Amino acid sequence: MDSLEQELLQDAEDDARTVAFIRNYLPQELKERFSDDELYYFLDVIVDYYATSGILDATPDKDGYINIDQDRIVDYVVKQARKDKMGEYDPEEILWVVQGEMEYGESLEE
């Protein structure tokens, strides 16, 4: 297996762990609302937001944190899903997905 294959496999495993974490994070009524395909799609769009918004280039505050506006991410996901014809999503439901993705990221830092 070459390094690209290894990296793709690692990315797929990371995504699978992230999606599983998000699914566990969601309140009960939302666990059945979203398919795994939808959660993978949302994760891709969230990563795309991070990559294109400039947030990854932001300067951390004195405590080492970067202020991330979850509402902007939610708006981005909802608009992108509409544009990609994935469907109409309630921003309040998508907020749970965004928060779950962030919580997963924070759990890796501990």
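This text goes with the structure placed above it.
Each chain carries its own residue numbering, running from 1 in the written order of its sequence. Local features are withheld for residues below a pLDDT of 70 in this predicted model, meaning they are given only at 70 or higher, and side-chain atom pairs are given and counted only at 80 or more; totals for whole chains, interfaces and linings count all residues. The basis for every side-chain value is the complete set of heavy atoms in the structure, and neither hydrogens nor water enter the calculation.

## Considering the overall build of the chain
Stage number 1. Each helix and strand in the chain was counted, giving five helices and zero strands.
Stage number 2. Mapped in sequence order, the helices and strands of the chain form the string α-α-α-α-α.
Stage number 3. The atom set for the radius of gyration is the C-alpha atoms, and the globule formula is 2.2 Å times the number of residues raised to the power 0.38. In summary, the chain has a C-alpha radius of gyration of 15 Å against a globular reference of 13 Å for 110 residues, a match within 12%.
Stage number 4. Along the three orthogonal principal directions, the C-alpha set of the chain runs to about 40 × 35 × 30 Å.
Stage number 5. Relative accessibility decides the category of a residue: with a 1.4 Å probe and only protein chains considered, values under 20% of the type maximum give buried, values over 50% give exposed, and everything between is partly exposed. Buried positions account for 29% of the 110 residues belonging to the chain.
Stage number 6. Element-wise, carbon and sulfur atoms account for 49% of the exposed surface of the chain, whose accessible area totals about 7,500 Å².
Stage number 7. Positive and negative side-chain charges in the chain, numbering 10 and 30 respectively, have mean positions lying 7 Å apart. Helix and strand labels come from DSSP, where a helix needs a run of H or I of at least four residues and a strand needs a run of E of at least two; each type is numbered from the N terminus. With residues, only the protein chains shown are counted as cover, and all accessible areas are computed by Shrake-Rupley using a 1.4 Å probe. Under the convention used here, Asp and Glu are negative, Lys and Arg are positive, and both His and the chain ends fall outside the count. Charge coordinates come from a single atom per side chain, which is NZ of Lys, CZ of Arg, CG of Asp or CD of Glu.

## Observations regarding the packing of aromatic side chains
Stage number 1. Working definition: rings of Phe, Tyr and Trp (its six-membered ring) pair if their centres are within 6.5 Å, and the pair is stacked with planes under 30 degrees apart, edge-to-face with planes over 60 apart, and tilted otherwise. Across all of its chains, the model carries eight aromatic pairs by this definition.
Stage number 2. Centroid distance Phe-42 to Tyr-89: 4.9 Å. Interplanar angle 90°. Geometry classified as edge-to-face. Of this pair, Phe-42 sits in helix H3 (residues 36–53) while Tyr-89 sits in the loop between helix H4 (70–83) and helix H5 (91–109), placing them 47 residues apart in sequence.
Stage number 3. Take Tyr-89: its relative accessible area is 7%, and that puts it in the buried class.
Stage number 4. Members of the aromatic cluster, joined through ring pairs, are Phe-34, Tyr-41, Phe-42 and Tyr-89.

## Re helix H1 (residues 3–25)
Stage number 1. Across its 23 residues, H1 extends 32 Å between first and last C-alpha, which sits within 8% of the 33 Å expected from 1.5 Å per residue.
Stage number 2. Turning to H1, its buried residues are Thr-18, Val-19 and Ile-22.
Stage number 3. The criterion used for residue contact is that any of the two residues' heavy atoms lie within 4.5 Å. Elements in contact with the buried residues of H1: H3 and H5. Multiplying 1.5 Å by the residue count of a helix minus one yields the expected span of that helix.

## Quick word on the pattern of salt bridges
Stage number 1. We define a salt bridge as a contact between a side-chain nitrogen of Lys or Arg and a carboxyl oxygen of Asp or Glu at a distance within 4 Å. Within the structure shown, the criterion is met by four salt bridges.
Stage number 2. Note that Arg-17 is salt-bridged to Asp-14, the shortest N-O span being 2.5 Å. Note that Arg-17 and Asp-14 are positioned in helix H1 at a spacing of three residues, about one turn of the helix.
Stage number 3. Classification of Asp-14 as partly exposed rests on a relative accessible area of 29%.

## Some points on the nonpolar core
Stage number 1. One finds Phe-34, Leu-39, Phe-42, Ile-73, Ile-94 and Val-97 to be the most contacted residues of the largest nonpolar core, which totals 24 residues.
Stage number 2. Elements supplying a minimum of two residues to this core: H1, H3, H4 and H5.
Stage number 3. Looking at this core element by element, the count peaks at eight residues for H3.
Stage number 4. Setting aside chain neighbours within four positions, we find Val-97 in contact with Ile-22, Leu-26, Phe-34, Leu-39, Phe-42 and Ile-46. Nonpolar core, defined: a set of buried Ala, Val, Leu, Ile, Met, Phe, Trp, Tyr and Cys residues in which side-chain atoms within 4.5 Å join the residues together.

## Let's talk about unusual backbone geometry
Stage number 1. With a phi close to 60°, Lys-85 is a non-glycine residue in the positive phi region.
Stage number 2. Tracing the backbone through its elements, the reader meets Lys-85 in the loop between H4 and H5.

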